[in-house]
Amino acid sequence: MGLGKKKAAWIGAAIIVAATAAFFLLRPGVPAVKRGERLNVLLVTLDTTRADRLGCYGATEAKTPALDALAAGGVRFANAYAPVPLTLPSHASILTGLNPVATGVHNNGAYELGEDRTTLAEVLKSDGYKTAAFAASFSVDSRFGLAQGFDLYDDNFQENSPFKATNAERRAEQVFELFSTWMDANRDEPFFAWVHFFDPHAPYNPPSPYGEQFAGRPYDGEISYMDYVFGRVMAKLGDRGLLGRTIVVAAGDHGEGLGDKGEWGHGVFLYDETLRVPLILSAPGHLPAGEMVGPRVRLIDIMPTVLDLLNRPAPEGTQG
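Residues numbered from 1 in each chain as written. Predicted model: local features only at pLDDT ≥ 70, side-chain atom pairs only at ≥ 80, totals over all residues. Heavy atoms only, no water.

Caption draft 1: The packing of helix α6 (residues 172-186) against helix α8 (residues 218-239), seen in detail. With their axes 10 Å apart at the nearest point, α6 and α8 run at an angle of 10 degrees to one another. Looking at the two axes, α6 sits roughly parallel to α8. The segment α6 lies against α8, with Ala172, Glu173, Phe176, Glu177, Phe179, Ser180, Met183 and Asp184 engaging Tyr225, Tyr228, Val229, Arg232, Val233, Lys236 and Leu237. (Axes fitted to C-alpha atoms, helices over the stretch in contact; angles between N-to-C directions. Helix = DSSP H or I, 4+ residues; strand = E, 2+ residues; numbered from the N terminus. Parallel < 35°, antiparallel > 145°, perpendicular 65-115°, else oblique. Contact = heavy atoms within 4.5 Å.)

Quick look at the structure:
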């Protein structure tokens, strides 16, 4: 890229940042963002979750009260996009603020995030945060480089198994119990926790009563079940008195085709069905409540946005 094109890109980025700031700071009646240097950070990634299957995104038949409540008390981004419709490269981008070309992670299973890339966990760990991750599928196993900066990276999907199958996964409730136990031991210090829910990924098999409630719509049943467990995560924060000092980020890593454009799964085509994802940020007292941001944003914007809320600069070279 020539210097002229680089300058144009920088100017374009500056315009986007200024426009976003103006949305919050200049609209009458909208409270300004209030930064806080020692806020906790909880990142919850919703694997294979389409934005248009949540109630807060207009799905009238959805049963997602916990995520809807998060949106009502925070900021919902109406047009958030994944950089790629695949689990590992998308998560690598979320954690680094870099596009797949920069992370070097282009597909599941065959790529590894290099140690020369800086993750959000590494940044916060260097600031004295306790860091932990609770993975729900082999797609984000620690062998693929995402464990950088985490004091604990729990990817033991199948207890007492001598090896990990490439399709190994665990339900949201198992992930929650691990997070809950860790939270009980670390609630008194600033923390960054990443909770990964994999349930809406195929094959769709929602547990009872969600399988019965969503007969013929198992994908939506998986999302409703995941929402229930997400509600347990939020209740845990509330029970520990942490909601007022925690930034909560709920983000899909990619969507699902469901046959709308000829693709039932994901990973091939680049339509809204597989790239447009839910993105909700909440931080009571620090972010406006019940706001909707319409302009397009990206999952690579999560890392620098969180660091900005913590009044900390993003690492040099961050693309979000």
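Caption draft 2: Representation of the packing of helix α2 (residues 65-72) against α8 within the structure. Two elements in contact, α2 and α8, have axes separated by 7 Å at closest approach and are oriented at 50 degrees. On the basis of their axis angle, the class for α2 and α8 is oblique. Note on element contacts: α8 touches α2 through Asp227, Phe230, Gly231 and Met234, opposite Pro65, Ala66, Leu67 and Leu70. Its residues assigned to classes, the contact of α2 with α8 shows six nonpolar, one polar and one charged. (Nonpolar A, V, L, I, M, F, W, Y, C, P; charged D, E, K, R; others polar.)

Caption draft 3: Structural view of the environment of His91. If you trace the backbone, His91 turns up in helix α3 (residues 87-96). In sequence terms His91 and Gly252 are 161 residues apart; their C-alpha atoms lie 9.6 Å from each other. Apart from residues no more than four positions distant in its own chain, His91 is found in contact with Thr45, Asp47, Val140, Leu146, Trp194, His196 and Asp253. Of the polar contacts made by the side chain of His91, one reaches the side chain of Thr45; its length is 3.0 Å. (Polar contact = N/O pair within 3.5 Å; in protein donor to acceptor, adjacent residues only side chain to side chain.)

Caption draft 4: Main features of the pairing of strand β4 (residues 130-134). Burial within β4 is extensive, with four of its five residues counted as buried. For β4 and strand β5 (residues 152-154), the ladder comprises three bridges, and the chain directions are parallel. The residue of β5 that forms the bridge with Phe134 is Asp154. (Buried < 20%, exposed > 50% of the residue type's maximum accessible area, 1.4 Å probe, protein only. Pairing = 2+ DSSP bridges.)

Caption draft 5: Just the side chain of Glu263, in detail. Assignment of secondary structure puts Glu263 in the loop between β7 (246-252) and α9 (272-275). Here Glu263 sits buried without a salt bridge, and the closest side chain of opposite charge, Arg50, lies 9.2 Å off (N-O distance). Within the structure, Glu263 has its side chain in polar contact with the backbone nitrogen of Val268 (distance 3.0 Å). Beyond its immediate stretch of four places on either side in the chain, Glu263 contacts Gly257, Leu258, Val268, Phe269 and Thr274. (Lys, Arg positive; Asp, Glu negative; His and termini not counted. Salt bridge = Lys/Arg side-chain N within 4 Å of Asp/Glu carboxyl O.)

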